[in-house]
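# Breakdown of the fold
Okay, here's what each chain looks like letter by letter:
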Amino acid sequence: MKPARTLTFKCVKCAKSVQVFLQKVSACSHIQPYQGLCQCGELKRHATGQADAVKSYLESADGSWAHHH
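This one's a predicted model, so the numbers in the text were calculated from it and none came from an experiment.

Conventions adopted
Along each chain, the written sequence defines residue order, and numbers are assigned to residues from 1. For this predicted model, a pLDDT threshold of at least 70 governs which residues receive local features, and a threshold of 80 or more governs which side-chain atom pairs are given and counted, while totals over whole chains, interfaces and linings are taken from all residues. Values reported for side chains reflect all heavy atoms of the structure, with hydrogen atoms and water molecules removed beforehand. Strands are runs of DSSP state E lasting at least two residues, helices are runs of H or I lasting at least four, and both sets are numbered from the N terminus onward. In this scheme, a residue with accessible area under 20% of its type's maximum is buried, one over 50% is exposed, and one in between is partly exposed, where area comes from a 1.4 Å probe on protein chains only. Working rule for contacts: check all heavy atoms of both residues, and any pair within 4.5 Å makes them a contact. Residue-level accessible areas treat just the shown protein chains as cover; the underlying method is Shrake-Rupley with a 1.4 Å probe. Pairs of N or O atoms within 3.5 Å make up the polar contacts considered here, provided that, within protein, one atom can donate a hydrogen while the other can accept it, and that residues adjacent in sequence are counted only when both atoms are side-chain atoms. Here, strands pair whenever DSSP counts at least two bridges between them. Note that the arc is defined by the directions from the helix axis to the C-beta atoms. Any carboxyl oxygen of Asp or Glu that lies within 4 Å of a side-chain nitrogen of Lys or Arg is treated as forming a salt bridge with it.

### Things to note about the overall build of the chain
Along its length, the chain carries one helix and four strands. Ordering the α and β elements of the chain from the N terminus gives β-β-β-β-α. Taking all 69 residues of the chain together, the buried fraction comes to 25%. Contacts in the chain between residues at least 24 apart in sequence constitute 25% of all its contacts with a sequence separation of at least 6. Of the accessible surface of the chain, which amounts to about 5,000 Å², a share of 53% is contributed by carbon and sulfur atoms.

### Notes on the side chain of S60
Tracing the backbone through its elements, the reader meets S60 in the segment after α1 (51-59). Among the polar contacts listed, one links the side chain of S60 to the backbone oxygen of Y57, at a separation of 2.9 Å. With residues up to four places along the chain from it excluded, the contact list for S60 reads R45 and W65.

### Things to note about unusual backbone geometry
In this structure, A15 takes a positive phi of about 70 degrees despite not being glycine. Note on placement: A15 falls in the loop between β1 (6-10) and β2 (17-22).

### Examining the pairing of β1
In the sheet, β1 pairs with β2 via five bridges, with the strands oriented antiparallel. When the bridges of β2 are listed, T6 appears paired with F21. If you look at the hairpin formed by β1 and β2, you'll find six residues sitting between the two strands, and A15 has a positive phi there, around 70 degrees.

### Topic: α1
Those residues of α1 not exposed but buried are A53, V54 and Y57. Relative to the axis of α1, the buried residues are bounded by an arc of 100 degrees and lie together on one face. For α1, the exposed residues lying more than 90 degrees away from the buried face are A51, D52 and E59. Those residues of α1 that are buried lie in contact with β3 (31-37) and β4 (43-49).

### Some thoughts on the pattern of salt bridges
For the structure shown, the criterion picks out two salt bridges. A salt bridge links E42 to K13, with the nearest nitrogen and oxygen atoms 4.0 Å apart. Of this pair, E42 sits in the loop between β3 and β4 while K13 sits in the loop between β1 and β2; the two residues are 29 residues apart in sequence, bridging distant segments of the chain. E42 sits in the partly exposed class, given a relative accessible area of 26%. A relative accessible area of 58% places K13 in the exposed class. Of the charged contacts in the structure, one is a salt bridge between E59 and K55, with a shortest N-O distance of 2.9 Å. Of the two residues, E59 and K55 both sit in helix α1, four residues apart, roughly one turn of that helix.

Below you can see the structure in the form of structure tokens.
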């Protein structure tokens, strides 16, 4: 099953809808990272997949995250 290319969430800062887009990653089923920018400028990140990979992605706020095997 392919992951959704976009997901919609409510912004934690302004409560508007913010759309996040599936980020390009290697052909890896461990994690599907998403990222998007709200109209208010707040960055929204989300991920599905293996718990430790998701946790490391969400904790890397500077965007330098990379998933390696």
